Amino acid sequence: MKNTVLTFQQAKKDHVKQTMLTAYDYSTAKLIDESGVNSILVGDSLGMVMLGYEDTLSVTMEDMIHHTAAVSRGAKNAMVVADMPFMSYECSVEEAVHNAGRLMKEGRANAVKLEGGVTVAPQIRAIVNAGIPVCAHIGMTPQSTNAFGGFKVQGKSAAAAQKILDDARAVQEAGAFAVVLECVPHALAKRITEELDITTIGIGAGPDCDGQVLVYQDMIAMFSGFTPKFTKTFANVGEVMKEGFRAYIEEVQNGTFPEVPTHTFKMDESILDELK
Ligand code: KIV
C-alpha cells in the first residue's frame, strides 16, 4: 500500500518508527521500494554522491526533476519526497510555490523537502496551502555549509539549541508534515521529538526521533569520498561491485567470457559461404 502523509501521522501516534532512504534513479528506487521502506528521499545529496560535486550547491531544478521522475517510476509503495535545491525557494514565496509545483507535476513527487526553519516558514505555509506536503529540514542544513564553516554538528550551545527548537516549532506551525533533524545532539532531538506533533526524521540525531534517514550509498559502503560518523555499514556493496567488475575484466581478458553457446546466438553458418 502506498505510504502517504497519513502513514506518517498514524506512525507518530502508534510510536512506529518511519524509515527513509535516498535514491536517485529508477533501478535503485525499485530495490529500495521492494525492501519495504516507508519513503524515498530524492536528496540534493545527488550532487555529491551521483554527480561528484564537493557540496550540494550546484544542484539545479532540472537535475532534481530528472532524478525525481526516475525514482517516482520505480517507487510503488514508498512515498517520494523531492528536495528543493539551493536558491529554488529562498528568494520569494512565489518562486518557492512554482518550483515545488514543478517537482510534483514534472517529477511526480508526493512531497517536497526544503532546508530552514523560522526564515522559510512563509514558503512552507504557501506550498502547503497549494496542496503540496512539505518536509522541513533543520539543524545542520547542507545548503548552508558556507555559513556554518563546513558540515558541522549544530545545536550544542544554549543559544544554538534554542534556535533549532524555535525552527522546529516554526515549521510545524507553518504546516510541515515532518521535519528532518540533521547532525544535532541526540538529547536535543529527543526533546524536539517529544514536543512536536509532526514526525521527526533523524540523521545524526540519535535513536529517539520518530524516523531515520540515510544516504543509501553511505549505508552500503558505495561512496568512498567521506563516511559520516552517524552512518553504519549494513552491507559491503561497494566491495561486492568491485569484485564483480574485476572478475568481468579477468574473464574478458582471458577469453572465458562470452562463452559459446551460453551467451551467443545461432545462425545457419552455411549462409556465411554466400557472403561476398
Ligand atoms: O540531500 C539529502 O540526502 C538529505 C538527507 C541527508 C537528509 O537532505
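As the structure is a computational prediction, the values presented were derived from the model and not from experiment.

Participant: Teacher, can you tell me more about a nonpolar patch on the surface here?
Facilitator: A surface patch of nonpolar side chains, amounting to about 360 Å² of accessible area, comprises Tyr248, Ile249, Val252 and Phe257. With respect to the helices and strands, Val252 occurs in helix H11 (residues 237-254). Judged by its relative accessible area of 40%, Val252 falls in the partly exposed class.

Participant: I tried to follow the site of the ligand on my own but got confused; where do I start?
Facilitator: All residues adjacent to the ligand are Thr22, Leu41, Gly43, Asp44, Ser45, Asp83, Lys113, His137, Glu182, Ile203 and Val215. Ser45 has a polar side-chain atom sitting 2.5 Å from an oxygen atom of the ligand. The contact in question runs from an oxygen atom of the ligand to an N or O atom on the side chain of Lys113, over 2.9 Å. Notes on the ligand: free accessible area 260 Å², of which the protein chains cover 95%. With respect to the detected pockets, the ligand is housed in the largest pocket.

Participant: What exactly am I supposed to notice about the nonpolar core here?
Facilitator: One broad trend across soluble globular proteins is that nonpolar side chains are buried collectively. Of all hydrophobic cores here, the largest spans 71 residues; its most connected members are Ile40, Val112, Ile124, Ile127 and Leu181. The element best represented in this core is helix H8 (residues 158-174), accounting for six residues.

Participant: Looking at this structure, I do not really get unusual backbone geometry. What am I missing?
Facilitator: What is expected of a backbone is that most residues other than glycine have negative phi and most peptide bonds are trans. For the peptide bond that leads from Phe257 to Pro258, omega is -5°, which places it in the cis range. Position of Pro258 among the secondary structure elements: in the loop between H11 and helix H12 (271-274). In this structure, the amide linkage connecting Val260 to the following residue, Pro261, adopts the cis form with an omega of 5°. Tracing the backbone shows Pro261 in the loop between H11 and H12. Phi is positive for Met87, which is not a glycine, with a value near 70°. On the secondary structure map, Met87 appears in the loop between strand S3 (79-83) and helix H5 (93-105).

Participant: Just checking my understanding: could you explain the packing of H5 against helix H6 (residues 121-129) for this structure?
Facilitator: Two quantities define a packed helix pair, namely the angle between the helix axes and the distance between the axes. With their axes 9 Å apart at the nearest point, H5 and H6 run at an angle of 45° to one another. It follows that H5 is oblique to H6 by the angle criterion. Note that H5 runs across H6; the crossing there is right-handed. Residues Val93, Ala96, Val97 and Ala100 of H5 form the contact with H6, whose own contacting residues are Pro122, Gln123, Ala126 and Ile127. Considered class by class, the residues forming the contact of H5 with H6 number seven nonpolar, one polar and no charged.

What counts and what doesn't
Residues numbered from 1 in each chain as written. Predicted model: local features only at pLDDT ≥ 70, side-chain atom pairs only at ≥ 80, totals over all residues. Heavy atoms only, no water. Patch = residues over 30% accessible without salt bridge, like charges linked within 9 Å, V, L, I, M, F, W, Y side chains within 5 Å. Areas by Shrake-Rupley, 256 points an atom, 1.4 Å probe, with all protein chains shown as cover. Salt bridge = Lys/Arg side-chain N within 4 Å of Asp/Glu carboxyl O. Helix = DSSP H or I, 4+ residues; strand = E, 2+ residues; numbered from the N terminus. Buried < 20%, exposed > 50% of the residue type's maximum accessible area, 1.4 Å probe, protein only. Near = heavy atom within 4 Å. Polar contact = N/O pair within 3.5 Å; in protein donor to acceptor, adjacent residues only side chain to side chain. 1 Å grid on protein atoms, 1.4 Å probe; cavity = no way out; pocket = protein on both sides within 12 Å on 5 of 7 lines; lining within 4 Å. Sits in = over half its atoms within 2 Å of the grid points. Core = buried A, V, L, I, M, F, W, Y, C linked by side-chain atoms within 4.5 Å. Axes fitted to C-alpha atoms, helices over the stretch in contact; angles between N-to-C directions. Parallel < 35°, antiparallel > 145°, perpendicular 65-115°, else oblique. Left-handed = near helix turned anticlockwise from the far one by under 90°. Contact = heavy atoms within 4.5 Å. Nonpolar A, V, L, I, M, F, W, Y, C, P; charged D, E, K, R; others polar.

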